[in-house]
Amino acid sequence: MLNWTAENFDLSVANWMVTPDRAVEARVLFLHAWFDGSIILVDHGNEQPLHLLNWMKPFDDIVWLLILTTLIFSAIVHQLIEGCYQERGKRSIQAWFSENIYLSFMSFCSQHNHGTPSSNAGRIFLFSFAFWSFLVGAAYTANLASLLVGDALTSDVNSLDEAMQQGLRICVEDGTAIMSTVNEITNDRFRKYDNLRKYVTGTSEMYEDMANYECDVLVGTRQDFEVKKNEEKNGCNLVEAGETIYKTHCSFATRFDPIENCSSVLAYVLDAHLTALEVGGELSDMWATFIENSEEDQCEKVFEENRRELLSVEGSTSRELIAVNTASGQANEEELKVDDMTGIFVVHIIGTCVALCFVAGDYLMKKRASSKNGKSKTKNP
């Protein structure tokens, strides 16, 4: 089709998938990308079972280890500051340390019960520790809610190979670059797959059959998925399964003839305009407006009705509400790593250093005053 278009027209305004082979074979120039043509696997979303360790997902293992280390370190520092200012009282060393560890962990849970310290060093340190706990708690709470929502709908299929091994019914558009590219990636196994359903009428019928469960999974582009998943007729439960099969983009195409009809000049001009639209943000705004104003974009209305219905029914679980929120796209499956949390830990480290500087300063001042008093007593026996 692209070869025929290039021979008969100077410009083809369509979402042609960009590949090096197509550019050479059809002698065309592809313009700046305007359509995410990455090939993905689309599946029906299933509600994920509950996991006992979901509460740990907001942070990765290294961040949790740093938090634990910080809590113990802060308890030790606080005890050191208390000892320098004679605030131990009648507590034994064991009871004193145990109480500081308890208060440290309670502060992490936003229950700050250290009381009011008598020294400036203690006040600075506890403010730093409380502020650190507040920031970590805020990051944890926000990411926990987001991750629980993101985990509510998931796919049991992790790859195209896995789908073929399980004998799933796979739907795909026939005679397209998607078909040829995936077939090349799978070494011709995809074309020969027994449960392959081919469509020649476009993506709409394929997604409708997906909604009717005549397809177990489908192979298509990410941009089509972003549009079709919002259409109520497609079930409002579609999710992207596994990793991207092939990453690319789509664009317009022009005939490559720098001498005859100056189509290449037209390509450069249009390419400059498309680039300007992307850099200025207009292109992404156009896509957002298109999806928002689409007559078929009714999934959000369905989700809102489901939310209201669940909220009005006594005994509705938070898991059901999470599933509804997930289908509406309110998800962010990113656990926070050390790079994301470094600034929060640095704030507490700086506060601790300042507090210890005050301790050292008070110690030197007391030592100096004690030395002066000793000298004055020597002169005046």
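Calculation criteria
- Residues numbered from 1 in each chain as written.
- Predicted model: local features only at pLDDT ≥ 70, side-chain atom pairs only at ≥ 80, totals over all residues.
- Heavy atoms only, no water.
- Pairing = 2+ DSSP bridges.
- Helix = DSSP H or I, 4+ residues; strand = E, 2+ residues; numbered from the N terminus.
- Axes fitted to C-alpha atoms, helices over the stretch in contact; angles between N-to-C directions.
- Contact = heavy atoms within 4.5 Å.
- Polar contact = N/O pair within 3.5 Å; in protein donor to acceptor, adjacent residues only side chain to side chain.
- Salt bridge = Lys/Arg side-chain N within 4 Å of Asp/Glu carboxyl O.
- Parallel < 35°, antiparallel > 145°, perpendicular 65-115°, else oblique.
- Left-handed = near helix turned anticlockwise from the far one by under 90°.
- Nonpolar A, V, L, I, M, F, W, Y, C, P; charged D, E, K, R; others polar.

Asks: Kindly report on the sheet that holds strand 6 (residues 170-173), identifying the contributing residues and their values.
Replies: Strand order in the open sheet formed by five strands is 7-6-8-3-9, with mixed pairing between adjacent strands. One side of each edge strand has no neighbouring strand; the edge strands of this open sheet are strand 7 (196-199) and strand 9 (238-246). Here the strands of the sheet are splayed against their neighbours by 30 degrees on average, with no regard to which way each runs. Pairing analysis gives four bridges linking strand 6 to strand 7, with the strands arranged parallel. Paired with Glu173 across the bridge in strand 7 is Tyr199. Contacts between helix 8 (residues 203-211) and the sheet are confined to strand 3 (39-44), strand 6, strand 7, strand 8 (217-221) and strand 9, with strand 8 contributing the most and set at about 150 degrees to the helix.

Asks: So what's going on with unusual backbone geometry? Which residues, and what values?
Replies: Of note in this structure, Gln86 is not a glycine but carries a positive phi near 60 degrees. For Gln86, the position within the fold is in the loop between helix 3 (61-84) and helix 4 (93-108). Phi at Asp188 is positive, roughly 75 degrees, even though this residue is not glycine. Structurally, Asp188 is set in the loop between helix 7 (177-185) and strand 7.

Asks: Summarise the environment of Asp43; cite the residues concerned and give the values.
Replies: Looking at the secondary structure, you find Asp43 in strand 3. Taking the C-alpha atoms as reference, Asp43 lies 8.4 Å from Asp156; in sequence the two are 113 residues apart. Setting aside chain neighbours within four positions, we find Asp43 in contact with Ser155, Asp156, Val157, Met210, Asp216, Val217, Asn237, Leu238, Val239 and Ala241. Here the side chain of Asp43 touches Ser155 through a polar contact of 2.7 Å, side chain to side chain.

Asks: Any chance you could break down the pattern of salt bridges for me, citing the residues and the numbers?
Replies: Under the definition given, this model contains 13 salt bridges. In this structure, Arg169 engages Asp216 in a salt bridge whose closest nitrogen and oxygen atoms are separated by 3.0 Å. You can see Arg169 sitting in the loop between helix 6 (160-165) and strand 6 and its partner Asp216 sitting in the loop between helix 8 and strand 8, a full 47 residues away along the chain. Between Asp188 and Arg191 there is a salt bridge, with its nearest N and O atoms 2.7 Å apart. Three or more residues joined by partner-sharing salt bridges are found here, namely Asp36, Arg222 and Glu240.

Asks: Which residues make up the environment of Asp339, and what values do they have?
Replies: Within the element layout of this structure, Asp339 appears in helix 14 (residues 338-379). Placed 276 residues apart in sequence, Asp339 and Val63 show a C-alpha to C-alpha distance of 9.4 Å.

Asks: Describe the packing of helix 3 against helix 4, listing the residues and the values that go with them.
Replies: Between helix 3 and helix 4, whose axes approach to 9 Å, the crossing angle comes to 130 degrees. Viewed along their axes, helix 3 and helix 4 adopt a mutual orientation that is oblique. By crossing handedness, the relation of helix 3 to helix 4 is classed as right-handed. Of the residues in helix 4, those in contact with Trp64, Ile67, Leu68, Leu71, Ile72, Ser74, Ala75, Ile76, His78, Gln79, Glu82 and Gly83 of helix 3 are Ile93, Trp96, Phe97, Asn100, Ile101, Ser104, Phe105 and Phe108. Grouping the constituent residues of the contact of helix 3 with helix 4 by class yields 13 nonpolar, six polar and one charged.

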